[in-house]
Amino acid sequence: MSTVMSTPTLEIRPSDHAASAEERTKRMTHPGFGRVFTDHMVVVPYTEGHGWGQGVLKAYGPIEMDPASSVLHYGQAIFEGFKAYKQRDGGIACFRPEANARRFNTSAARLAMPELPEALFLEAATALIRQDQAWVPGAVGESLYMRPLMIATEAALGVRASNEYLFLLMASPSGAYFPAGVKPVTVWISDDYVRAAPGGTGFAKCAGNYAASLVAQRQAKGEGCDQVVWLDAVHRKYIEEMGGMNIFFVYQENGETVVVTPELTGTLLPGITRDSLLLLAREQGWRAEERRISVEEWRTDIQEGRMTEVFACGTAAVITPVGHVKSRQGDWTIRDGETGPVAAKLREILLNLQHGVSPDTHGWMKKIV
Ligand SMILES: *Cc1c(COP(=O)(O)O)cnc(C)c1O
């Protein structure tokens, strides 16, 4: 790989057509998720042999690319997702962005892409959030969703790792994922499709994983479900994830609360929310386990009353309870389709931390403003 070179700091080139306060307010009303973008973005080019070049923060807008750019043909593309939250004290802070910077590089390595210095990742985020701080919504549950990505831009049809890349960072104000309150979802257990196989790219946040998942998501919709649940590719019986989120199972065993999440086998995406919840659950005095869990266990443990809740977690929706399960092996309901106390409690703890309502005892919050 290329030699390490010093990273130039970003050039700040403010937009000459930033939205007026009135226009911004209009666009930030019911923004939904990922449809509204702020005034600026960050772009940093990479060339093999020269390393990362001069990055610039500039007006958000289209990028020009050669149609032969290898990302368009062979899919060398990775991304991340994290959020900036308004703090109770009026400031703005991000939740564990260093973990996203590290995972970005894990994904880059798997896709034979160059690593981005973590300091540059964080500098880009800080600069964009400061520049567009008026776009950070204020209410609990709302946030500025940050979307970094890296794409291969060399115009070359030969199948090999590109010699040129672009790092991009954009920001999108996002509303409360569930404006009407958290509503449990219905899931479809997919046995026609798998998300990831051993040796593949399951642990990397790469665009191709999502492209390959869409047909299964469509099938789930066709079965009257909101989301797809992925099984392991080898045995087709162990639960891996739900859509683009990690999944947790809650047990009540002899008066003890136990939360179980599938272990990281290389085919699961190691979620930062998952990692945080494991620690937060232990701090509640609950037992937290990472192990394999099969569809059969899921069904019988619900039927026999040992398993009391199921929920999924990720940056975008925080915590999403699972109320109903449909599969070719039968259907079952969890907790009469209602949100359980463990999911509700963890959601509250996490949101309070992220908005600076409760003390940041783990050093997870990075102050930006
Ligand atoms: C991003 C992602 C998650 C959740 O990760 P977080 O870091 O918690 O946002 C889970 N599964 C998949 C497949 C993902 O892409």
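Throughout this document, residue positions are counted from 1 along each chain, in the order its sequence is written. Totals for whole chains, interfaces and linings use all residues, but because this is a predicted model, local features are given only for residues with pLDDT of at least 70 and pairs of side-chain atoms are given and counted only at 80 or more. Note: side-chain values were computed over all heavy atoms of the structure, leaving out hydrogens and water.

### Thoughts on the site of the ligand
Right, on to step 1. We call a residue near a molecule or strand when any one of its heavy atoms sits within 4 Å of it. Lys205, Tyr210, Glu241, Thr273 and Thr315 are the nearest of the 14 residues found near the ligand.
Right, on to step 2. Any pair of nitrogen or oxygen atoms within 3.5 Å is treated as a polar contact; in protein, a donor-acceptor pairing is required on top of that, and neighbouring residues in sequence qualify only through side-chain atoms on both sides. A distance of 2.7 Å is found between an oxygen atom of the ligand and a side-chain nitrogen or oxygen belonging to Lys205.
Right, on to step 3. Residue Thr315 places a side-chain N or O atom 2.6 Å away from an oxygen atom belonging to the ligand.
Right, on to step 4. Here the ligand, which alone exposes 380 Å², has 96% of that area covered by the protein.
Right, on to step 5. Side-chain classes follow a simple rule in which Ala, Val, Leu, Ile, Met, Phe, Trp, Tyr, Cys and Pro form the nonpolar group, Asp, Glu, Lys and Arg form the charged group, and the remainder, Gly included, forms the polar group. Here the shell around the ligand is built from residues that sort into four nonpolar, six polar and four charged. Surface accessibility in these figures is a Shrake-Rupley result with a 1.4 Å probe; residues are shielded only by whichever protein chains are displayed.

### Digging into the packing of helix 3 (residues 97–110) against helix 4 (residues 118–131)
Right, on to step 1. Orientation of helix 3 relative to helix 4, taken along the N-to-C sense of each, is 130°, at an axis distance of 9 Å. Taken together, helix 3 and helix 4 sit at an angle that is classed as oblique. Considering only the axes of helix 3 and helix 4, their crossing is right-handed. Across from Pro97, Glu98, Asn100, Ala101, Arg102, Phe104 and Asn105 in helix 3, the residues of helix 4 making contact are Glu118, Phe121 and Leu122.
Right, on to step 2. Of the residues belonging to the contact of helix 3 with helix 4, the class tally is five nonpolar, two polar and three charged. Between N-to-C directions, angles span 0 to 180 degrees; the directions come from axes that are lines fitted to C-alpha atoms, helices contributing only their stretch in contact. Secondary structure counts use DSSP, requiring at least four H or I residues in a row for a helix and at least two E residues in a row for a strand, with both numbered from the N terminus. An angle below 35 degrees is read as roughly parallel, one above 145 as roughly antiparallel, one from 65 to 115 as roughly perpendicular, and any other as oblique. Left-handed is the label given to a crossing in which the near helix is rotated counterclockwise from the far helix by less than a right angle, and right-handed is the label when the rotation is clockwise. What makes two residues a contact is simply this: any of their non-hydrogen atoms within 4.5 Å.

### Considerations on the domain arrangement of the chain
Right, on to step 1. Domain boundaries assigned for the chain yield domain 1 (11–178 + 358–367) and domain 2 (185–338).
Right, on to step 2. Between domain 1 and domain 2 the total buried area reaches about 1800 Å² when both faces are included, carbon and sulfur atoms providing 67% of it.
Right, on to step 3. Among the residues domain 1 hides against domain 2, the three largest losses belong to Phe79, Arg103 and Arg110. Together they make up 33% of the total.
Right, on to step 4. Should a side-chain nitrogen of Lys or Arg be within 4 Å of a carboxyl oxygen of Asp or Glu, the pair is scored as a salt bridge. Taken together, the connections running from domain 1 to domain 2 amount to one salt bridge.
Right, on to step 5. Counting across the domain 1 and domain 2 interface gives eleven residue pairs in polar contact (both at pLDDT 80 or more).
Right, on to step 6. Listed by contribution, the elements that provide at least two residues to the side of domain 1 that touches domain 2 are strand 5 (77–79), strand 6 (82–86) and helix 3. Those domain boundaries reflect an automatic or database domain assignment. A quick way to say it: buried area is the sum, across both parts, of accessible area lost when two parts are put together, with a 1.4 Å probe.

### Quick look at helix 6 (residues 272–283)
Right, on to step 1. The end-to-end C-alpha separation of helix 6 is 17 Å, in line with the 16 Å expected for twelve residues at 1.5 Å each.
Right, on to step 2. Throughout this description, buried means an accessible area under 20% of the type-specific maximum (1.4 Å probe, protein chains only), exposed means over 50%, and partly exposed covers the range between. Of all the residues in helix 6, the buried ones are Ile272, Thr273, Arg274, Ser276, Leu277, Leu278, Leu280 and Ala281.
Right, on to step 3. Positioned one or two residues after helix 6, Gly285 has a phi angle of 85°, which is positive. The span one expects for a helix is its residue count, reduced by one, times 1.5 Å.

### Quick word on the side chain of Thr257
Right, on to step 1. Mapped onto the elements of the fold, Thr257 is located in strand 14 (residues 256–261).
Right, on to step 2. At a separation of 3.1 Å, a polar atom in the side chain of Thr257 contacts the side chain of Gln252.
Right, on to step 3. Filtering out sequence-adjacent residues up to four positions away, Thr257 remains in contact with Val250, Tyr251, Gln252, Trp286, Arg287 and Val342.

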